[in-house]
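Residue-level listing of the chains:
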Amino acid sequence: MILLLNKDSLFSTFGVDSFQSLDSAINSMAPSMVDYYLSDLSNGMDDSYLNKRSIQDSITTGDFSLYLDYDEEVYLEIEESNTSLELETGSLW
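Here is a short report on the structure shown in this document. Keep in mind the model is a prediction, meaning the values are calculated, not measured.

### Here's the deal with the overall build of the protein
- Within the protein one finds four helices and four strands.
- In sequence order, the protein lays out its α and β elements as β-α-α-α-β-β-β-α.
- Burial statistics for the protein: of 93 residues in total, 31% are counted as buried.
- Look at the contacts in the protein between residues 6 or more apart in sequence, and 56% of them connect residues 24 or more apart.
- Of the accessible surface of the protein, which amounts to about 6,300 Å², a share of 46% is contributed by carbon and sulfur atoms.

So, in structure tokens, the structure goes:
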């Protein structure tokens, strides 16, 4: 799923002022906090279209990828994994 994010909200959440400084801010945080913040930013937004040819820069962490396009728009891609289904065990009854 790919979502168009509000750039100002994203930057204020991580306390940065540019996409380039966002990478160092994400790398200095605990992965669970990054996942929490990115999940929170993605709530209530619809799918968006991202032309992957127009990507200027990207950041990948866990199941999330952030993309900056040439129009200075920031997109969030969430990899939907089936690991929760793989970790479940069958019933003994």
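Picking up where we left off.
### Considering the nonpolar core
- Of all hydrophobic cores here, the largest spans 20 residues; its most connected members are Leu 10, Phe 14, Phe 19, Leu 22, Leu 38 and Leu 66.
- At the level of elements, strand S1 (2-5), helix H1 (7-14), helix H2 (19-27), helix H3 (31-42), strand S3 (64-69) and strand S4 (74-78) are the ones that each hand at least two residues to this core.
- Each residue touching Leu 22, except ones within four places of it in the same chain, is listed here: Leu 10, Phe 11, Phe 14, Val 16, Ile 59 and Leu 66.

### Digging into H3
- Helix length check: H3, at 12 residues, gives a terminal C-alpha distance of 16 Å against a target of 16 Å (1.5 Å per residue), a fit within 8%.
- Of the residues making up H3, those classed as buried are Val 34, Leu 38, Leu 41 and Ser 42. The buried residues of H3 occupy an angular sector of 100° when the element is viewed end-on, so they sit on one face. Facing away from the buried surface of H3 by more than 90 degrees, the exposed residues are Ser 32 and Tyr 36.

About the cut-offs
Residues numbered from 1 in each chain as written. Predicted model: local features only at pLDDT ≥ 70, side-chain atom pairs only at ≥ 80, totals over all residues. Heavy atoms only, no water. Helix = DSSP H or I, 4+ residues; strand = E, 2+ residues; numbered from the N terminus. Buried < 20%, exposed > 50% of the residue type's maximum accessible area, 1.4 Å probe, protein only. Contact = heavy atoms within 4.5 Å. Areas by Shrake-Rupley, 256 points an atom, 1.4 Å probe, with all protein chains shown as cover. Core = buried A, V, L, I, M, F, W, Y, C linked by side-chain atoms within 4.5 Å. Expected span 1.5 Å × (residues − 1). Arc of directions from axis to C-beta.

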